[in-house]
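Residue-level structural notes
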Amino acid sequence: MKQNYDYEHFKASADYILNKIDYKPKVAIILGTALGSLANDIKDPVVIDYKDIPNFLVSTVESHAGKLILGELNGKKIVCMSGRFHYYEGYDFEQLVIPIRVLHLLGVNTIILTNASGAVNTSYKPGEIMIIKDHIKLMGASPLRGPNIEEFGPRFFDVSDMYTKELRELAKKCAEKVGMKLNEGVYFFWPGPQFETPSEIKAIRSLGGDAVGMSTVTEALTAAHCGMKVLGLSFISNMAAGILKQPITSEEVDETAKQFSKKFKQLVGEIIKKM
Ligand code: HPA
């Protein structure tokens, strides 16, 4: 059922969190499949379970921790979401605005969204990263559907440059520094939870998608609506369906992510340092 949240709904979550810290983090990171361990590197962490935050959502995916971690990373005060929320879990798009709007109310103005995705572009390889240049979401629904809350942003807004160019350029420089090849491409949102059919992947390729995944887009749209700078980093965990003669498994996704997480962590650490 469609929910209509008002401003106070989000503010109650933010006030609960702000009561536990004496600073306002400017940078947020959402830790996707390949980056969970970054949370261990945060200094002086204040850890809050999602389930304790009033009006927040609760993770249902086993490999996602479900914790908000606030602290310092490479000299910057950050807030980290270890565990995110997906449409396939049963949440409505309208509910998926909650974490991002709460981060905004904490003072966040820059967000790094990370995820794992399947390569649609056959020149990509598992273990590589794709900077998200743009996305395609052909599902009609939007997280911003429903009464607009002017405190967050305008009813209609431009999304032609929502993955901030200056952050993409910074990511490229940092990749060079840590010795990592970066691709830049288009993330195609797939609602899941099933992976795609080989024919769907062919269609996605002809539509202009380079990588496909089940997250990030609702968060990016909500963040752009409230004026945040957005960086999307997609970890290529597998070749998309039909490219190789083998099925896609979540074990493969998790295994590749584990194997390359150190390098990915290094990249994100460097980006945060230089922000
Ligand atoms: N498809 C959709 N989502 C994914 C994939 C994929 O191949 N790999 C990781 N997340």
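Just above sits the structure.
Bear in mind that the values here come from a model prediction, so they are computed numbers and not experimental data.

Criteria and thresholds
- Residues numbered from 1 in each chain as written.
- Predicted model: local features only at pLDDT ≥ 70, side-chain atom pairs only at ≥ 80, totals over all residues.
- Heavy atoms only, no water.
- Buried < 20%, exposed > 50% of the residue type's maximum accessible area, 1.4 Å probe, protein only.
- Helix = DSSP H or I, 4+ residues; strand = E, 2+ residues; numbered from the N terminus.
- Pairing = 2+ DSSP bridges.
- Near = heavy atom within 4 Å.
- Polar contact = N/O pair within 3.5 Å; in protein donor to acceptor, adjacent residues only side chain to side chain.
- Areas by Shrake-Rupley, 256 points an atom, 1.4 Å probe, with all protein chains shown as cover.
- Nonpolar A, V, L, I, M, F, W, Y, C, P; charged D, E, K, R; others polar.
- Phe/Tyr/Trp six-rings, centres within 6.5 Å; stacked < 30°, edge-to-face > 60°.
- Lys NZ or Arg CZ within 6 Å of the ring centre and 35° of its normal.

**Thoughts on the pairing of strand 1 (residues 27-31)**
Two faces belong to every sheet, and in a regular strand the side chains alternate between them. The buried fraction of strand 1 amounts to five of the five residues, a majority that puts the element mostly inside the structure. Relative to strand 4 (residues 76-82), strand 1 runs parallel, the two being bridged by five bridges. By the bridge assignment, Ala28 is partnered in strand 4 with Val79.

**Side note on the site of the ligand**
Near the ligand you find Ala116, Ser117, Gly118, Phe195, Glu196, Val212, Gly213, Met214, Ser237 and Asn238, and these make up its full shell. Contact between the ligand and Asn238: a nitrogen atom at 2.7 Å from a side-chain N or O atom of the residue. Protein contact buries 94% of the 260 Å² of open area that the ligand shows by itself. Where the shell around the ligand is concerned, the elements lending two or more residues are strand 5 (110-119), strand 8 (211-213) and strand 9 (229-239). For the shell around the ligand, the residue count by class is four nonpolar, five polar and one charged.

**Quick word on the packing of aromatic side chains**
Across all of its chains, the model carries 11 aromatic pairs by this definition. Taking 5.3 Å as the distance between ring centres and 45° as the angle between the ring planes, the aromatic pair formed by Tyr50 and Phe85 counts as tilted. One end of the pair, Tyr50, is in the loop between strand 2 (43-49) and strand 3 (67-73); the other, Phe85, is in the loop between strand 4 and helix 2 (98-106), with 35 residues separating them in the sequence. Taking the relative accessible area as the measure of exposure, Tyr50 reaches 1% and is therefore buried. Of the aromatic side chains, those joined through ring pairs into one cluster are Tyr5, Tyr7, Phe10 and Phe152. Positioned above the aromatic ring of Tyr23, the side-chain terminus of Lys77 is 4.9 Å from the ring centre.

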